[in-house]
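# Descriptive structure summary
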Amino acid sequence: MLDMGFIDDIRKIMQMLPKQRQTLLFSATFSPPIRKLAQDFMHTPEMVEVAAQNTTNANVEQHIIAVDALKKRNLLERLIVDLHMNQVIVFCKTKQSVDQVTRDLVRRNIAAQSIHGDKSQQSRLETLNAFKEGTLRVLVATDVAARGLDIAELPFVINYELPTQPEDYVHRIGRTGRAGADGVAISLMDKTEQKMFESIKELTGSDLNVERIEGFEPHWWGNDNQDEAEAQPVQHNDSRSRRDDRNKRNEYANKSDKNSKKVEEKNDPGIVCGKIAGRTRRSRHKRQPCALLQPGFGVK
């Protein structure tokens, strides 16, 4: 509420209250600005904590999936359909991303609506009511919906984009696994979001393993040495050496394409990022179940 500009309204209300009063302040997290605000409005307040700050719920099963940014939309659709997600919140960083993801899901005949700061209050209430009643399958939202949104027994949360602030990750996945229920939180991480992922691990103290899905393997994962080698400048003495070097690179690229599976098994990056087997190429007539659809991934 404070980030949305309600602080001025709160101060006006506090000025209208009597000086002798009892004030209770409830917050999911108490960051330094919130603590300072409490000191301004309260006299020697007592603090009661029911859980350690910035810790994730043990009932929430967390998965971090490495994927190329351009493949996120297809993977999102596969997760929703193959995991039979009848009620899921998809979080994005910006309003533009929320609207784009919503349009993509609607084009694929998945009932989805968006909620963000540009929506009117009436529109937000109608969307939330439809989502709670079960007539809306996917709610695509910015972090405006991460705080204070309570949906009973919400089974799934998907981070389409990792949040810039690691605290927002805790709020996002806290929408599921509430009141003792089990929940699953899946985060899609592209190459540019690795630092955000490390910040989340540091904040929560969780040892989160990075996984991947067959058919959606990221090109950037486990190729740091190759990228550094390609970045090294190559000096050529004459045009012939440049031509020979170009031919060698083409020959190497063709050989790598033909033997990509063998190279992958040899390097075995799956050991590092938790490769999930089970997804193969599917035909147009028969859909292959998602690789995450197996025991232990929160689907009963």
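Scroll up a little and you will see the structure.
Overview of the structure. Source: prediction; values computed, not measured.

## A few points about helix α6 (residues 166–173)
The element α6 is extensively covered by neighbouring structure, given that 7 of its 8 residues are classed as buried. Within α6, burial applies to P166, D168, Y169, V170, H171, R172 and I173.

## Some words on the pattern of salt bridges
Applying the stated criterion across every chain, the model contains 10 salt bridges. Put simply, D104 and R73 hold a salt bridge, and the shortest N to O gap is 3.1 Å. Linking D104 in helix α4 (residues 95–107) with R73 in helix α3 (residues 72–82), this pair joins segments that are 31 residues apart in sequence. Here D104 falls in the buried class, since its relative accessible area comes to 10%. Its relative accessible area of 38% is what places R73 among the partly exposed residues.

## Quick look at the pairing of strand β1 (residues 60–66)
When you tally the buried positions in β1, you get 6 out of 7 residues, the bulk of the element. In the sheet, β1 pairs with strand β6 (residues 183–189) via 7 bridges, with the strands oriented parallel. The partner of I65 across the bridge, within β6, is L188. Bridge count for β1 against strand β7 (residues 210–213) is 2 bridges, and the pairing is parallel. Residue pairing in the sheet places I65 in a bridge with E211 of β7.

## What to know about the environment of R11
If you trace the backbone, R11 turns up in helix α1 (residues 7–16). Along the backbone, R11 and F41 are 30 residues apart, and their C-alpha atoms lie at a distance of 8.8 Å. Apart from residues no more than four positions distant in its own chain, R11 is found in contact with L37 and F41.

## Describing empty space enclosed by the protein
If a probe the size of a water molecule is rolled over the atoms, the empty space left behind becomes visible. A complete count under the given rule lists 1 cavity of 30 Å³ or more for this structure. Considered as a void within the structure, the largest cavity measures approximately 40 Å³ in volume. R73, L76, E77, V101, D104, L105, R108 and Y160 are the residues that line the largest cavity. When contributions to the lining of the largest cavity are tallied by element, the ones reaching two or more residues are α3 and α4. Within the lining of the largest cavity, the residues separate by chemical class into 4 nonpolar, no polar and 4 charged.

## A short note on unusual backbone geometry
One non-glycine residue, H84, lies in positive phi territory at about 55°. The residue H84 is located in the loop between α3 and β2 (88–91) in this model. The backbone of N109 sits at a positive phi, close to 60°, despite the residue not being glycine. Mapping N109 onto the fold places it in the loop between α4 and β3 (112–115).

## Description of the pairing of strand β4 (residues 138–141)
Covered by surrounding structure in β4 are V138 and V140 together with L139 and A141, the residues of both alternating faces. Here 4 bridges tie β2 to β4, and the two strands are oriented parallel to one another. Bridge pairing in β4 links I89 to L139. Where β3 and β4 come together, 4 bridges link them in parallel fashion. Opposite Q113, over in β4, you have L139 as the bridge partner. In this fold, β3 hands off to helix α5 (residues 121–133), which returns the chain to β4; that crossover is right-handed.

Calculation notes
- Residues numbered from 1 in each chain as written.
- Predicted model: local features only at pLDDT ≥ 70, side-chain atom pairs only at ≥ 80, totals over all residues.
- Heavy atoms only, no water.
- Buried < 20%, exposed > 50% of the residue type's maximum accessible area, 1.4 Å probe, protein only.
- Helix = DSSP H or I, 4+ residues; strand = E, 2+ residues; numbered from the N terminus.
- Salt bridge = Lys/Arg side-chain N within 4 Å of Asp/Glu carboxyl O.
- Pairing = 2+ DSSP bridges.
- Contact = heavy atoms within 4.5 Å.
- 1 Å grid on protein atoms, 1.4 Å probe; cavity = no way out; pocket = protein on both sides within 12 Å on 5 of 7 lines; lining within 4 Å.
- Points joined across faces, edges and corners; volume = space filled by probe spheres on them.
- Nonpolar A, V, L, I, M, F, W, Y, C, P; charged D, E, K, R; others polar.
- Right-handed = clockwise from strand over helix to strand, strands pointing away.

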